[in-house]
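Read off the chains here:
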Amino acid sequence: MANDQTLWQGIVNGERAAFDTLFRLYSAPLRLFLRRYTSCPDAADDVAQETFLQLWKRHNGFDPARGTLKQYLFGIARKQAAHRRKEWPPPEAELAAEPEAPLATVAVAAEERTADLNEALVRLEPEERALLWLREVEGYSYAEMSEILGVPLGTVKSKLFSARAALRRVWCNGRKE
Amino acid sequence: MDCIAAEPFVGMLYDGEEVPEEAVQHITGCPACRSRLREYAAIASEIRILAAAEAQDLRPLTSPAALPSRRRWRFTLGSPVRVPRFALVMGIAIIAGLSVAVGYVEKQRRSQDLWFECDFRLPQSQYTGPIHPANMPELGWGFRPPARLLGPRPFFLVGPETQLGAVAGIIDIQQVRSDGVDFAIQTKHIDTGGESLKALMEKQRPDGPFRVDDLRDILSGAPLRHYRYEPGTMLRVPIEGGGTLLFHGEVGDKLSAFSRQDFPLEPASDEIVLDQPALVVEKSLILRPGGAVKVSGPKACAYMYIPGKGLLVLALHAFSGAHEAAVDRSDAMFELDHEWYYLFAHTPIAGGDRPNTIWVYLAKNYEPSQSGLKWNPGNPFVGSAPDVAQVLDQLKK
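The structure presented is a predicted model; accordingly, all values stated were derived computationally and were not measured. (Residues numbered from 1 in each chain as written. Chains lettered and ligands numbered in written order. Predicted model: local features only at pLDDT ≥ 70, side-chain atom pairs only at ≥ 80, totals over all residues.)

**Thoughts on the nonpolar core**
All names here are of chain B. In terms of nonpolar packing, the biggest core is built from 104 residues, with Ile-272, Cys-301, Val-313, Leu-314 and Ile-358 touching the most fellow members. At eleven residues, the largest contribution of residues to this core is made by helix α3 (residues 31-57). In this structure Leu-314 touches Ile-272, Cys-301, Ala-302, Tyr-303, Ile-358 and Val-360, once residues within four positions along its chain are discounted. Membership of the second largest hydrophobic core comes to 23 residues, among which are Phe-120, Val-181, Ile-239 and Phe-247. (Core = buried A, V, L, I, M, F, W, Y, C linked by C-beta atoms within 7 Å. Buried ≥ 20, exposed ≤ 12 C-beta atoms within 10 Å, placed from the backbone. Helix = DSSP H or I, 4+ residues; strand = E, 2+ residues; numbered from the N terminus. Contact = placed C-beta atoms within 7 Å.)

**With respect to the pairing of strand β4 (residues 166-177) of chain B**
All names here are of chain B. Examined bridge by bridge, β4 and strand β5 (residues 180-190) share eleven bridges and lie antiparallel to one another. Across the sheet, Ala-168 pairs through a bridge with Lys-188, a residue of β5. A loop of two residues connects β4 with β5, the two strands running antiparallel in sequence. (Pairing = 2+ DSSP bridges.)

**Points about the environment of A:Phe62**
Residues and elements named next belong to chain A. For Phe-62, the location among the structural elements is in the loop between α3 (41-57) and α4 (69-83). For the pair Phe-62 and Tyr-72, spaced ten residues apart in the sequence, the C-alpha separation amounts to 6.6 Å. Discounting residues that sit within four places of it in the chain, Phe-62 has contacts with Trp-8, Leu-69 and Tyr-72.

**Regarding the packing of helix α2 (residues 16-38) of chain A against α3(A)**
All names here are of chain A. Interaxial distance between α2 and α3 falls to 8 Å at its minimum, and their mutual angle equals 145°. α2 and α3 meet at a crossing whose hand is right-handed. For the pair formed by α2 and α3, the contact residues are Phe-19, Phe-23, Ser-27, Leu-30, Arg-31, Leu-34, Arg-35 and Thr-38 on the first element and Pro-41, Ala-43, Ala-44, Asp-45, Val-47, Ala-48, Phe-52 and Trp-56 on the second. (Axes fitted to C-alpha atoms, helices over the stretch in contact; angles between N-to-C directions. Left-handed = near helix turned anticlockwise from the far one by under 90°.)

**Brief notes about the packing of α4(A) against helix α7 (residues 142-149) of chain A**
All names here are of chain A. Relative orientation of the contacting elements α4 and α7 amounts to 40°, with a least axis distance of 7 Å. With respect to each other, α4 and α7 are oriented oblique. Residues Gln-71, Phe-74, Gly-75 and Arg-78 of α4 form the contact with α7, whose participating residues are Glu-144, Glu-147, Ile-148 and Leu-149. The class makeup of the residues in the contact of α4 with α7 is three nonpolar, two polar and three charged. (Parallel < 35°, antiparallel > 145°, perpendicular 65-115°, else oblique. Nonpolar A, V, L, I, M, F, W, Y, C, P; charged D, E, K, R; others polar.)

Read these as layout, nothing more, since geometry by itself doesn't imply function.
What follows is the structure, given as structure tokens:
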């Protein structure tokens, strides 16, 4: 796999293959992150397209010393998404549907769990959702998340704490409040 | 330091960030904080499973470099369209009708759907989950009947204390209310005469899956005990023939997200734990067998039956045909036959230094019937055995 530096140099040189590699590597995780951040798949895909397009047409700003290319990509996508916040639908529109009648208890337990988690995540603040996703799915450290979201380290800690506490309240213990 | 002061550090400890020593000491020694840590681990596991599920649903996106010009599909879709007046009226009427119907159905559903989630086990038994009754010296079984699926259910418990036999029973959940659950239970220690449970079940029902009626003969003579159970309490049910069954349950409007068993957040170096595992294969298959197993000992193994693929065996030490799997806390990742497998669990899978290694082997095309199980081949399960060699021997037969 090409390293960040090589990949970036290729993109700067206008090499389509380098850009396609970048797109293939990071478009899925970026879209998943943006979908969770915006709670709107269409807006997320739109932002993802815009982000890659921006990178392809105006490739500047990436500094390997400050983090990975993926981190950089997530950072600019997050900023783009935040700029277009008023285009996101209200959270209620994205609440997960209740699962249908169960065929097996184990299966329904898993279905309900996923639906509950979706519902609980939608109720969080976008930044809280983003932090949870970046931490649990992408495995970023607090310092890296601070870079991506452009917030101080203390904010990462406090928001992650409140996100988990809220998620736990809404979803955990198997009880609705 | 108390729980309130330590609370903000629980997540940080889970994330591997720097935490004051005082907080670490409190969290590791405090059952409430450890429980919160366990919950965070479970939430993390569920988020990763959700991500894997969502990755499956992603439709391909064209690389912007391949697009002739900027495409803004959302604006295209959002552009105004002429709608005939009658169609608008019909549309509003349909939406109103559906809203009323959905509200009614939802109200009905809410009033009926109380779940009763219970587990029953022998005092020393540490396993729970859907059963693999053959060749399992120790296991327990929990089940979760929703109110609408009440009725008698058979169960078997086999533990170190049952020696050559087993504890068999039928539990009949009759009514579930938030303040109490009515149920009847009949349970008996049975001597299998050295035969496996599998052989016993086959003798009772040679031609098909073992059913609750097949157990009634076995349980003859055991009294049917009726209980009004107070949710959250621990009930001790006497077993005909000796022993006690520990019964515990909760009533709620949904199933619990977490395993009721207190699985370790720091497994010992000779332990494998699969707590409510989920398996993702190449981001295209999600398998959630339910249940949990914990097994210890130098030769011990856990396994997971994957419908359509086979039996996945996991052990702490290398064995013939096994591949290395990287474990990082509650996640494991490995490659088999050019496919990547991701295993997520609610609590750490293996002890020792992190990231650590376990060994995995996929017995391809294994079917439960192969080991004599009357098991629906479409249902996954987890199980464990004290010696991986025994399991491999069974698979060769």
